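If you want the building blocks of each chain, they are given just below.
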Amino acid sequence: MKSIIKYPPVGDIEICTRKNILRTTFSVSAQKVRITTSPFFVNTLFPLSEERINWILKTQQKLKEKYATLTLLPTSEIKTCFFTIRFVPDTRLEQKYVFSLRRESDELRVYYCTNIDFEQPKTQQSIRRILQQVLKVEAKSFLPNRLKENAENYKFTFESVRINNATSRWGSCSSKKRINLSCYLMLLPLELIDFVLVHELCHTEQMNHGADFKRKMKSIFPNNDLLNKRLREEAKRALVLKI
Ligand SMILES: [Zn+2]
């Protein structure tokens, strides 16, 4: 169950309760503070300790500084695996926050109303939401097949694949060989998409990142370390759409 409470020192706090949780966890994102806990502990959460409040405020401040430079501009160009996203003003569009999209071969044009203040948080959020939908459609039509091809190629098996909107990880694999992939993978060049897909496929055999896992990855990607480094750089670039 989810509920939101106002807690002035830090703003809104989302409280998620789940019966089978044994430990209370706190997470801070650019948008909110979330506490995940058992329904039995809810009454004992508040008041938060001074130490906890200071930690939340410090983390929020750090995130603000990190994201201050991450603003989408009318001149921004976002490269995805198969096309580049560009923003085009359109005087025919009258409603703010209503965008129109046009795909032309290797370009996706996002037409926006000329009255809009592009850098306003609300505009930024609307654009990110639309682009997330675009990436999700793209991911759903591309990633499951690509995963299957990689599995066949390197002799892996998996149970199922799902596409989600995860922003903190590219993918995950459960012990039941169920693979989850983030739609933001579509922001990567093809070589790195395959690198992540094979990484998750390797988890169908090795759940951890131990020596056997690394050996397997290196046998498929001799330039494993370089690709890992590139992936970390791409993650920074992708951040502008994920916040
Ligand atoms: Zn992993």
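What counts and how
- Residues numbered from 1 in each chain as written.
- Predicted model: local features only at pLDDT ≥ 70, side-chain atom pairs only at ≥ 80, totals over all residues.
- Helix = DSSP H or I, 4+ residues; strand = E, 2+ residues; numbered from the N terminus.
- Contact = placed C-beta atoms within 7 Å.
- Axes fitted to C-alpha atoms, helices over the stretch in contact; angles between N-to-C directions.
- Parallel < 35°, antiparallel > 145°, perpendicular 65-115°, else oblique.
- Left-handed = near helix turned anticlockwise from the far one by under 90°.
- Pairing = 2+ DSSP bridges.
- Buried ≥ 20, exposed ≤ 12 C-beta atoms within 10 Å, placed from the backbone.
- Domains from an automatic or database assignment.
- Core = buried A, V, L, I, M, F, W, Y, C linked by C-beta atoms within 7 Å.
- Expected span 1.5 Å × (residues − 1).
- Bend = angle between axes of the 7 residues up to and from the residue.

1. Focus on the overall build of the chain
Then, number 1: Helix and strand content of the chain: 5 helices and 11 strands.
Then, number 2: Referenced to the eigenvectors of the C-alpha coordinate spread, the extents of the chain come out at roughly 55 × 55 × 30 Å.
Then, number 3: Look at the contacts in the chain between residues 6 or more apart in sequence, and 42% of them connect residues 24 or more apart.

2. Comments concerning the packing of helix H3 (residues 190–202) against helix H4 (residues 211–220)
Then, number 1: In contact at an axis separation of 10 Å, H3 and H4 are set at 140° when each is read in the N-to-C sense. The angle between H3 and H4 places the two elements in the oblique class. The two elements H3 and H4 cross, and the hand of that crossing is right-handed. Seen from H3, the contacting residues are Val 198, His 199 and Cys 202; seen from H4, they are Phe 213, Lys 216, Met 217 and Ile 220.

3. Regarding the sheet that holds strand S7 (residues 100–104)
Then, number 1: The strand order across the open sheet built from 4 strands is S5-S6-S8-S7, with neighbouring strands paired in mixed fashion. Where the open sheet ends on each side, the last strands, each with one partner, are strand S5 (77–79) and S7. Between one strand and the next, the sheet's axes are offset by a mean angle of 25°, whatever the strand orientation.
Then, number 2: Sheet analysis places strand S6 (residues 84–90) next to strand S8 (residues 107–113), joined by 7 bridges and oriented parallel. Counted as the bridge partner of Pro 89 is Tyr 112 from S8.

4. Considerations on the sheet that holds strand S10 (residues 171–173)
Then, number 1: Read from one edge to the other, the open sheet built from 3 strands follows the order S9-S11-S10, with strand pairing classed as mixed. Pairing within the sheet leaves two strands with one partner each, and these edge strands are strand S9 (160–164) and S10. Sheet twist, expressed as the average angle between the axes of neighbouring strands with direction ignored, equals 15°.
Then, number 2: Inspection of the sheet shows S10 paired to strand S11 (residues 178–182) by 3 bridges, in the antiparallel sense. Considered in S11, the bridge of Gly 171 is made with Leu 181.
Then, number 3: In the packing of helix H2 (residues 121–154) onto the sheet, the strands contacted are S9 and S11, and the crossing angle to S9 comes to about 155°.

5. So, the pairing of strand S1 (residues 2–7)
Then, number 1: Little of S1 is tucked away: 0 of the 6 residues are buried.
Then, number 2: Pairing of S1 with strand S2 (residues 11–17), which is carried by 6 bridges, proceeds in the antiparallel orientation. The partner of Lys 2 across the bridge, within S2, is Cys 16.
Then, number 3: Hairpin remark: S1 followed by S2, antiparallel, with 3 residues in the connecting loop.

6. A look at the domain arrangement of the chain
Then, number 1: On domain assignment, one finds that the chain holds domain 1 (2–68) and domain 2 (77–242).
Then, number 2: Each of domain 1 and domain 2 was reduced to a C-alpha centroid, and the two centroids are 28 Å apart.

7. Observations regarding the environment of Val 110
Then, number 1: For Val 110, the position within the fold is in strand S8.
Then, number 2: Sequence-wise, Val 110 and Thr 123 are 13 residues apart; in three dimensions their C-alpha atoms are separated by 13 Å.
Then, number 3: Not counting the four nearest positions on each side in its chain, Val 110 is found in contact with Ile 85, Phe 87, Val 88, Phe 99, Leu 101 and Ile 127.

8. A few points about the nonpolar core
Then, number 1: Ranked by size, the top nonpolar core spans 34 residues in total, and within it Ala 139, Leu 181, Cys 183, Tyr 184, Leu 185 and Met 186 carry the most contacts.
Then, number 2: Every element with two or more residues in this core is listed here: S8, H2, S9, S11, H3 and helix H5 (224–242).
Then, number 3: If you tally residues by element for this core, the top one is H3, at 7 residues.
Then, number 4: Excluding residues within four positions of it along the chain, Tyr 184 makes contact with Leu 135, Thr 167, Ala 238, Leu 241 and Lys 242.
Then, number 5: Core analysis: the next-biggest nonpolar cluster, separate from the first, contains 5 residues, Ile 13, Val 33, Ile 35 and Ile 56 among them.

9. Brief notes about H3
Then, number 1: The terminal C-alpha atoms of H3, which comprises 13 residues, lie 18 Å apart, in line with the 18 Å expected from a rise of 1.5 Å per residue.
Then, number 2: Those residues of H3 that sit buried are Ile 193, Phe 195, Val 196, Leu 197, Val 198, His 199, Glu 200, Leu 201 and Cys 202.
Then, number 3: Residues of H3 that are buried sit in contact with H2, S10, S11, H4 and H5.

10. A look at H2
Then, number 1: Along H2, the sharpest change in direction is near 35° and occurs at Ala 139.
Then, number 2: Every buried residue of H2 is listed here: Gln 124, Ile 127, Leu 131, Leu 135, Glu 138, Ala 139, Leu 143, Leu 147 and Asn 150.
Then, number 3: Among the structural elements, S6, S8, S9, S11, H3 and H5 are those in contact with the buried residues of H2.
Then, number 4: Positive backbone phi, approximately 60°, marks Lys 155, located one or two places after H2.

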